[in-house]
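# Structural characterization, general
The primary structure of each chain is shown beneath.
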Amino acid sequence: MKKILFASSEIHPLMKTGGLADVAASLPIALHEMGQDIRLIMPAYPKALLALEQIEKVASIKLAGFHWPIEILQSTLPGTDIVLWLLNSPTHFNREGSPYTATDGDEWPDNAARFALFSRAVVAIAMNQTGFNWQPDIVHCNDWQTGLVPALLSSEVNRPATVFTVHNLAYQGVYSQEAFEMLDLPQRLWSSVSGIEFYGQMSFMKGGLVFADQITTVSPTYATEIQTAEFGCGLEGLLAHRVDDLTGILNGIDMAEWDPAHDPHIARHYTAKTVRLKAESKTAIQRKFGLPEKADIPLFGLVSRLVSQKGIDLILAAMTALLAKDEDIQLVCLGSGDIEAEQALRVLRARYPDKVGVEIGYNEPLAHQIEAGIDLFLMPSRFEPCGLNQLYSLRYGSLPIVRNTGGLADSVVDATDANRQAEIATGFKFEESTAEALTACIARALDLFKRPRLWRKVVVTAMAQDFSWEKSAKQYLQLYRGL
Ligand code: ADP
Ligand code: GLC
């Protein structure tokens, strides 16, 4: 049995801006079920505190870089008995808005200080300096918010081993040299070759990549891609240098939460055997968005952060062209993000009110209802470390249309004739990041949709895919054991 301290800025259902939160709950649950002593730590955001029932103050610690002692609270991850610690510094974390931005969308000006403090608390627990009488064997850090943990731990004697998982290399936590000076970090960390200096600035992400004993990312293809200039965001050289310590492990999903046979949010439960009942979820979602309740019209869906990564512009271009041709299709969208993309979706809705439904915002039940109700899920990402929505779509028999990159490449099998005959096809894939390539791929999907018997076969294969955590959690465990 390994003792693992798992640090993440977001953990579902306490705080979530993206897939990191889903993974930071479901992977620890899987490891816990495999008998590991895994404990979680995250910042005490107000929303997280409200969602927890029993919270106890278990430590008060003095951390470098801040004058007052800071509390650590203890609770359990909802629905489990996994220990959850929360770093309670109201000055840093008691704020409305997202963990990273104010309600107006601007980054909090003190993000470097906030996540340096979080990292220092993780280090204090890792070094058994908080009075918990528990020292982990492994500290598993996630994304830039925890990047300073491996860096700070690197100089400690009798330290636990460190694993750093990259969920998205595009968000690096880069701050000025002045910010570095203000954080009172060891000066030895300021180096461009063996430290966190990155083109004259400080990179939290680099702290993880340089100093962690092992680096992982969330799909095998992304692990290869980030060693190239196209996907490496300036860190490709470092990643290529560390290739022997870099592993791609595909994310799993929470099979209980995303299960069309038991999902409390959807109109009617269904399985691969009763997939015709999916039609009731389709009617429900059409009604919800005020679209004609037609069973045989292909219904496309989108649930996403509306940012360039996700290829929203490609979707807008391809869908606008299809709708202009008076193609008999429907589209429902749920998301929020870039103002221009939000506005463009609203405009599309206004132009085609009987074909397009849009909700701007974050809405968990609706995300489930869309997954259940649609026929096709659009995910033409420019890059995608793993992607969870295509996995949810497969499980709900909503065929994903994806670009051949990252975790999308590793989880969807294109419905070519050969793959369909071999009964391994699960969705539709295209290569080029262009609206034309997406449009051509959509045309292939629409062709197959017109042949319900063949379509049904692909749906059943998609639903039979196993993206439970079992396999991937074992890979993490193997990695921990090797440390
Ligand atoms: P990323 O982390 O890059 O945003 P993922 O596909 O890994 O992409 O995970 C996205 C997660 O966020 C999924 O659980 C998805 O259902 C959820 N999500 C994204 N946008 C919304 C939204 N507007 N409302 C509800 N859930 C959303
Ligand atoms: C990031 C990535 C996404 C991945 C998620 C969880 O947000 O953008 O592809 O699925 O992290 O690992």
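The structure under discussion appears in the preceding block.
Residues numbered from 1 in each chain as written. Chains lettered and ligands numbered in written order. Predicted model: local features only at pLDDT ≥ 70, side-chain atom pairs only at ≥ 80, totals over all residues. Heavy atoms only, no water.

As a further point, take the site of ligand 1. Around ligand 1, the surrounding shell holds 21 residues, and the nearest of these are Gly19, Asp22, Arg305, Lys310 and Gly361. With respect to ligand 1, the side chain of lysine 16 contributes an N or O atom lying 2.8 Å from an oxygen atom. Measuring from an oxygen atom of ligand 1, one finds a backbone N or O atom of glycine 19 at 2.6 Å. For ligand 1, whose unbound accessible area comes to 570 Å², protein coverage reaches 93%. Every element with two or more residues in the shell around ligand 1 is listed here: helix 1 (19-33), strand 13 (299-306), strand 14 (330-337) and helix 14 (389-395). Counting residues per element, the shell around ligand 1 draws most heavily on strand 13, at 3 residues. Looking at side-chain class alone, the shell around ligand 1 contains 7 nonpolar, 9 polar and 5 charged residues. (Near = heavy atom within 4 Å. Polar contact = N/O pair within 3.5 Å; in protein donor to acceptor, adjacent residues only side chain to side chain. Areas by Shrake-Rupley, 256 points an atom, 1.4 Å probe, with all protein chains shown as cover. Helix = DSSP H or I, 4+ residues; strand = E, 2+ residues; numbered from the N terminus. Nonpolar A, V, L, I, M, F, W, Y, C, P; charged D, E, K, R; others polar.)

Let us now look at unusual backbone geometry. Residues histidine 12 and proline 13 are joined by a peptide bond in cis, for which omega reads 10°. Assignment of secondary structure puts proline 13 in the loop between strand 1 (3-7) and helix 1. The phi angle at aspartate 184 is positive, at roughly 60°, despite the residue not being glycine. The residue aspartate 184 is located in the loop between helix 6 (177-182) and strand 9 (197-198) in this model.

So, about the pattern of salt bridges. When the charged atoms of two side chains with opposite charge come close together, those side chains can pair. Scanning the model with the defined rule gives 18 salt bridges in all. In this structure, the salt-bridge partner of lysine 474 is glutamate 470, at a minimum N-O distance of 3.6 Å. You can see lysine 474 and its partner glutamate 470 sitting in helix 19 (residues 470-481), 4 residues apart, about one turn around the helix. For lysine 474, a relative accessible area of 46% translates into the label partly exposed. Take glutamate 470: its relative accessible area is 52%, and that puts it in the exposed class. (Salt bridge = Lys/Arg side-chain N within 4 Å of Asp/Glu carboxyl O. Buried < 20%, exposed > 50% of the residue type's maximum accessible area, 1.4 Å probe, protein only.)

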